[in-house]
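# Structural characterization, general
Listed below are the residues making up each chain.
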Number of protein chains: 2
Amino acid sequence: MGITSGGAGNQTTIGKADDQTTAGGAGNQTAAGGARNQTEALRELLDGRWGSLRRSSLDLLGDLEPPPDLGREEYRAWVLEQMRALAEGGHPLIGFPAEYGGRDDVGGSVVAFEVLGFGDLSLMVKAGVQWGLFGGAVQALGTTTHHDRYLRAIMSLELPGCFAMTETGHGSDVQNLRTTATYDPSTEEFVVHTPDASARKDYIGNAARDGRMAVVFAQLVAGGAGHGVHAVLVPIRDEQGAPMPGVRIEDCGPKAGLNGVDNGRLSFDHVRVPRANLLNRYGDVAPDGTYSSPVEGEGRRFFTMLGTLVRGRISVAGGAGSATKRALALAIRYGDTRRQFTRPDTGDEVVVLDYLAHQRRLLPALATSYALHFAQQELVSALHDVADDRQQRQLESRAAGLKAVATWHATRTIQTCREACGGAGYLSENLIAGLKADTDVFTTFEGDNTVLLQLVAKGLLTSYRDHVGDLDPWGMVRFVADQAVGVVIERTAARAIIDRLVSGSSDALLDRGWQVRQFEDREKHVLEGLARRLRRASRDNAFDVFNAAQDHVLHAARVHVDRVVLEAFVAAVDRCDDPETTALLNQVCDLYALSAIEADRAWFLEHGRLSPQRSKAVSQAVNELCGRLRPHARTLVDAFGIPETWLTAPIVT
Amino acid sequence: MGITSGGAGNQTTIGKADDQTTAGGAGNQTAAGGARNQTEALRELLDGRWGSLRRSSLDLLGDLEPPPDLGREEYRAWVLEQMRALAEGGHPLIGFPAEYGGRDDVGGSVVAFEVLGFGDLSLMVKAGVQWGLFGGAVQALGTTTHHDRYLRAIMSLELPGCFAMTETGHGSDVQNLRTTATYDPSTEEFVVHTPDASARKDYIGNAARDGRMAVVFAQLVAGGAGHGVHAVLVPIRDEQGAPMPGVRIEDCGPKAGLNGVDNGRLSFDHVRVPRANLLNRYGDVAPDGTYSSPVEGEGRRFFTMLGTLVRGRISVAGGAGSATKRALALAIRYGDTRRQFTRPDTGDEVVVLDYLAHQRRLLPALATSYALHFAQQELVSALHDVADDRQQRQLESRAAGLKAVATWHATRTIQTCREACGGAGYLSENLIAGLKADTDVFTTFEGDNTVLLQLVAKGLLTSYRDHVGDLDPWGMVRFVADQAVGVVIERTAARAIIDRLVSGSSDALLDRGWQVRQFEDREKHVLEGLARRLRRASRDNAFDVFNAAQDHVLHAARVHVDRVVLEAFVAAVDRCDDPETTALLNQVCDLYALSAIEADRAWFLEHGRLSPQRSKAVSQAVNELCGRLRPHARTLVDAFGIPETWLTAPIVT
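Model, not experiment: these values are computed from the prediction.

## Observations concerning the interface of chain B and chain A
Chain B puts 64 residues into the contact, and the matching count from chain A is 64 residues. Among the residues forming the side of chain B that touches chain A, the class breakdown is 24 nonpolar, 22 polar and 18 charged.

## Digging into unusual backbone geometry
Residues and elements named next belong to chain B. Positive phi is not limited to glycine here, since Asp104 has a value of about 60 degrees. Counting through the fold element by element, Asp104 comes out in the loop between α4 (72–88) and α5 (106–116). Assessed through the 14 C-beta atoms surrounding it within 10 Å, Asp104 is described here as partly exposed.

## Some words on the domain arrangement of chain A
Residue and element names in this part refer to chain A. Considered domain by domain, chain A is made up of domain 1 (62–156), domain 2 (162–306) and domain 3 (310–437 + 451–642). Distance between the C-alpha centres of domain 1 and domain 3: 29 Å. Each side of the interface is counted separately: domain 1 has 16 residues, and domain 3 has 15 residues. Contributing elements (two or more residues each) for the side of domain 1 that touches domain 3: α5 (106–116) and α6 (121–141). Per element, the largest residue contribution to the side of domain 1 that touches domain 3 is eight residues, and it comes from α5. Tallied by class, residues from the side of domain 1 that touches domain 3 come to ten nonpolar, five polar and one charged.

## With respect to the relation of the copies chain B and chain A
Two copies of a chain can be linked by a rotation about an axis combined with a shift along that same axis. Between the two copies, chain B and chain A, the superposition gives an RMSD of 0.0 Å; the rotation angle is 180 degrees and the shift along the axis is 0.0 Å. Between the two chains, the operation in question is that of a two-fold axis. Taking the C-alpha atom as reference, chain B places Ala602 of chain B closest to the rotation axis, 2.2 Å from it. A shared interface surface links the copies, since 100% of the contact residues of chain B are contact residues in chain A too.

## Some remarks on the sheet that holds strand β8 (residues 264–268) of chain B
All names here are of chain B. Strand order in the open sheet formed by three strands is β4-β8-β7, and the pairing between neighbours is antiparallel. Two strands close off the open sheet at either side, each with one partner strand: β4 (201–204) and β7 (247–251). Strand-to-strand twist of the sheet, defined as the mean angle between neighbouring strand axes without regard to direction, takes the value 20 degrees. Sheet topology note: the β4/β8 ladder contains two bridges and is antiparallel. In the sheet register, Lys201 faces β8, and the bridge partner there is Leu266.

## Re the sheet that holds strand β4 (residues 201–204) of chain A
Residue and element names in this part refer to chain A. The three strands lie next to each other as β4-β8-β7, forming an open sheet whose pairing is antiparallel. For this open sheet the edge positions go to β4 and β7 (247–251), each flanked by a neighbour on one side alone. Strand-to-strand twist of the sheet, defined as the mean angle between neighbouring strand axes without regard to direction, takes the value 20 degrees.

## Structural notes on helix α3 (residues 51–63) of chain A
With 13 residues, α3 of chain A extends 19 Å from end C-alpha to end C-alpha; this agrees with the ideal 18 Å at 1.5 Å per step. Buried residues of α3 of chain A: Gly51, Leu53, Arg54, Ser57, Leu60 and Leu61 of chain A, and no others.

## So, the packing of α6 of chain A against helix α9 (residues 310–335) of chain A
All names here are of chain A. At their nearest, the axes of α6 and α9 sit 11 Å apart, and the two run at 165 degrees to each other. Classed by the angle they form, the pair α6 and α9 counts as roughly antiparallel. Two packed elements cross with a definite hand, and for α6 against α9 that hand is right-handed. For the pair formed by α6 and α9, the contact residues are Leu121, Met124, Gly128, Gly132, Leu133 and Gly136 on the first element and Arg311, Gly312, Ser315, Gly319 and Ala323 on the second. Among the residues making up the contact of α6 with α9, the classes are represented as four nonpolar, six polar and one charged.

## Examining the nonpolar core
By size, the foremost hydrophobic cluster in this structure holds 429 residues, and its most contacted members are Val215, Val232, Val234 and Phe569 of chain A together with Val215, Val232 and Phe569 of chain B. Apart from the residues lying within four places of it in its own chain, the contact partners of Phe569 of chain A are Ala371, Phe374, Cys589 and Tyr592 of chain A.

## Considerations on the packing of helix α10 (residues 356–385) of chain B against helix α20 (residues 579–599) of chain B
Residues and elements named next belong to chain B. In contact at an axis separation of 8 Å, α10 and α20 are set at 105 degrees when each is read in the N-to-C sense. One finds that α10 runs roughly perpendicular with respect to α20. Across the interface between the two elements, Leu363, Pro364, Ala367, Thr368, Tyr370 and Ala371 from α10 touch Val588, Leu591, Tyr592 and Ser595 from α20. In terms of residue class, the contact of α10 with α20 is made up of eight nonpolar, two polar and no charged.

## Brief notes about helix α7 (residues 144–156) of chain A
All names here are of chain A. For α7, with 13 residues, the first-to-last C-alpha span of 18 Å sits near the 18 Å given by 1.5 Å per residue. Taking the largest bend as the criterion, α7 deviates by roughly 45 degrees, centred on Tyr150. Turning to α7, the residues buried within the fold contact α4 (72–88), α6 and β1 (161–164). In the stretch just after α7, Leu157 is the one whose phi turns positive, near 75 degrees.

Quick notes on the rules
Residues numbered from 1 in each chain as written. Chains lettered and ligands numbered in written order. Predicted model: local features only at pLDDT ≥ 70, side-chain atom pairs only at ≥ 80, totals over all residues. Contact = placed C-beta atoms within 7 Å. Nonpolar A, V, L, I, M, F, W, Y, C, P; charged D, E, K, R; others polar. Helix = DSSP H or I, 4+ residues; strand = E, 2+ residues; numbered from the N terminus. Buried ≥ 20, exposed ≤ 12 C-beta atoms within 10 Å, placed from the backbone. Domains from an automatic or database assignment. Least-squares fit on C-alpha atoms with pLDDT ≥ 70 in both. Pairing = 2+ DSSP bridges. Axes fitted to C-alpha atoms, helices over the stretch in contact; angles between N-to-C directions. Expected span 1.5 Å × (residues − 1). Parallel < 35°, antiparallel > 145°, perpendicular 65-115°, else oblique. Left-handed = near helix turned anticlockwise from the far one by under 90°. Core = buried A, V, L, I, M, F, W, Y, C linked by C-beta atoms within 7 Å. Bend = angle between axes of the 7 residues up to and from the residue.

Right, here's the structure in full:
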């Protein structure tokens, strides 16, 4: 089963599908002119729907300078200065409402954030805290009063703020956090209080140094009853930067990375704020303490609120993607010039990227970065265009899944890039060390990846009947146990193209239809098996049944994400109108698909989907694809369009 | 094929084998007294042959304090101070000759270094540079004159020094490094010279701040001819700490970790040193420039010299093991108390280590740490007792293999521990962040892991006919092509026990004999296949044949190391004389063996060694073993005996 026997060229002859406008329409405008540079052709496809915004964001980033070697406090000060430069450059305006001077471009705001991921990651994260989390919460959970009062000051950085959700004792399980906001009708105030050390707000960005106000998530108590978690605006520092009375602020101190972000801890000792400080879009308290909400049920209300914050998770996936691309660009540029060991026949020293082992480390990871890029594009478009509740829940699920997969890919790939650069990769001057340290926390912040994948599985098993967070992990057991629905694989992108690919497919390894069938078939089988296992549960043994199946749950979520990512890649290839570029992209897509199958080939073997011989042929095909793509490696990373300012290091000069 | 059907208890009834004295005899002395504490019983087994030295080294380490949060220069100064404390405590004496006040205990010196791995890793590495690499090179490559002149000053830290081998342009391929030492008979001096920037010595520990002298590896030129790489002592700083004339010293600056070590770059501009500065044990130059050597052949000579430095590689494996244990101890203690999400039946919050997914992340890694610990013990004993050339070459090969596997295990496991501690794991105060940053370079220093595994494969294919480094990677192709030898699996530990286990084995997954057979059979098959592939090569296509088989080469080396590690574990279990502890260790050994098989189960499926059903049963058995070992997790990490001073962090108090 050789690599050349398949129908690799399939996609090049397939016409535009009717759903192609959901992402990346920009690539079409530049279709003319056959002899254009391939790097530029790839780059335009990667730019996608928000192409011109991406280019102007890249220009803004390219004008900033990388930080010098600074101590922690100086680094924090440097980041704040850069924040001002971003504010002056208009970066924060993109996602905010036009009536406050913004641009009302939700998708664009995620793309602009993603671009920051090519630069200093402390700056990216601090920008995300200020404008994405803090500003986003005021915008999404607040109402006109709050918008009128705060949005302009948030955009201009006049009001630096925090998003105070996580507590020391409750990270993943935010529904059970323990800070309280108790309404006192006698003064028409909320009393915000930290009952004990485990309820203090922890790891809060912007808290240790710069924040003046915090969106504090707390159990709302009004009229003598609890109403679940709500968000309240609490001033934490005065104009001089001193903590407000009753507010205790601690510094989280040095971290593995992101040391330009001032993470801190907040505790509240019966701090009083006016009634109007409740962000009251999803729940309000009347002057007399009467509670009202447009959303029925405490859990549903909380996860409706959380759902409006899905942009943060999508942004992390994008930022992680950018950092990964930067590490790959550095490692591939270095591997393309670094030589080691003399070749016996020619006497020349061998360029290390000519070694199969080196290609194996870097090129499947590069192909996966392409795949995740296109999946991210689809996701950003879905966020921008979301129109109904079911789409919203599907979006939340896909955001959770892609965030988990993209951030693990980042951690693994950046580690590989570090090792691929040897001792040089360990020096800060060569940048990969910093990327590794800064991105490490992405796997656990904005949702721990393991928890997120469980939410993905739940969404699949319940056909998105509820918000992804709306049950504890084993809640899905009870939910599934009550149902008899079959598993339906719903295509998320390029539906018409994929229908055609699958129906006309052969069994060649390089036939895209065959690859898609493997991904779909695996997902269906894994999910059906999981549903059968979980249906055995009763209310009494829900935890044990869930727990025994937990690796099955995680596998189900992963293979689902794999399939969604492959579909996005197929759709992207279809949008490409330059034949040579399409041919190259098809090989990258083959490498993504086959290396993903190879990584999980034990499953395909265990379930009779691959014969032993064919499984070995998959590994052989991955080797051959690595060899074929090796001459294009530099082009493929150049097409990311990373500003040269951010790729300047001794190893690549 | 359930987990309970096997003969798990097999080993407990098997008597002592006759090779058990090669490692861990110490455990026997404490055999009496049935009711002794299980942690202590495990600990004594882990202590092994150098038990009392290990305990006294732990005491010395326990008396040191962890470093406060320091800037780079302050941290370097702190580390130097701690070095003095180690020197005063007698740490450096262990490995040096008795005639200079040392203890002549080679194995003991590695164990003492390994213990330092529980503490500050900059201190461990700086100690390794000073006493292991610099002092070790003077001892192993020099002769009496050098010993008389320098060893006492090296031990006392009066003469801080460097090991200047790696160059910017040549890391793995040290045989082709380009610094020259040209003999000038008119003055009876060597002229040490750096021809260009790529030949400068790079990443050299102790160079940027403290080193006074360097062992410089250079191409020796004498009598008008080149004689290959030799080591020359070059003073680099005067008594006042200023660089010597002609010596240029640069600072490598900030690194991902190990910032208490002053890595630097050294360049030499025609620096003259006396003829006596040549470390002349393996090659000497007479006053008139006549070269002589007891070792025939330039390559063989160089690798004989390198071979004497094998202790460094073994030390890194040990140090990596200690850092991994410390991370596991922190993550498991935290996982044993941290609670998240409420259990539906009881209403209690669940301890996170009760989740299967959490067990899956930490417990197979813990079992592997046990396995690698016992393999390290065997290796240290082999180093201590090495008696002939073939044993030396086998030792070099095993050192290369275990270094690669142990350091990759460290990188992966410490990453997992970080994630298992969530956001708390990202804060420096909780220690895992530092462990991750400091250990990262272990995968590429003292030999890049990918290159080392290739050397292991070469050793296997050539039955250790030459030193492991003695050929470039594809040299093995020509070597193997010339031969017709079959592959013989040579048991490295516990030979008699394993003979018995294998001959009496059933097919149950928990039958140790079955497990050993799988490891042996896989190694034999992979190696034989590799030999067949490589034999196809001719001189002209050696590079291409080697390169196409490179992933096969790496797999062969890995499965060999896996087998050696399992044998060491079997031997260790056999040394245990407490029935309860033996039963526990047998479960840990099962988890190591089965999780290793699970990780490579695609191979077993592809080669008809596991049926699909049995392969799934392996995964199920790993799940069940995780559940069974979970109650013992704390005991298993406590038995590492890590001083509490080095386990003090907010998350575990």
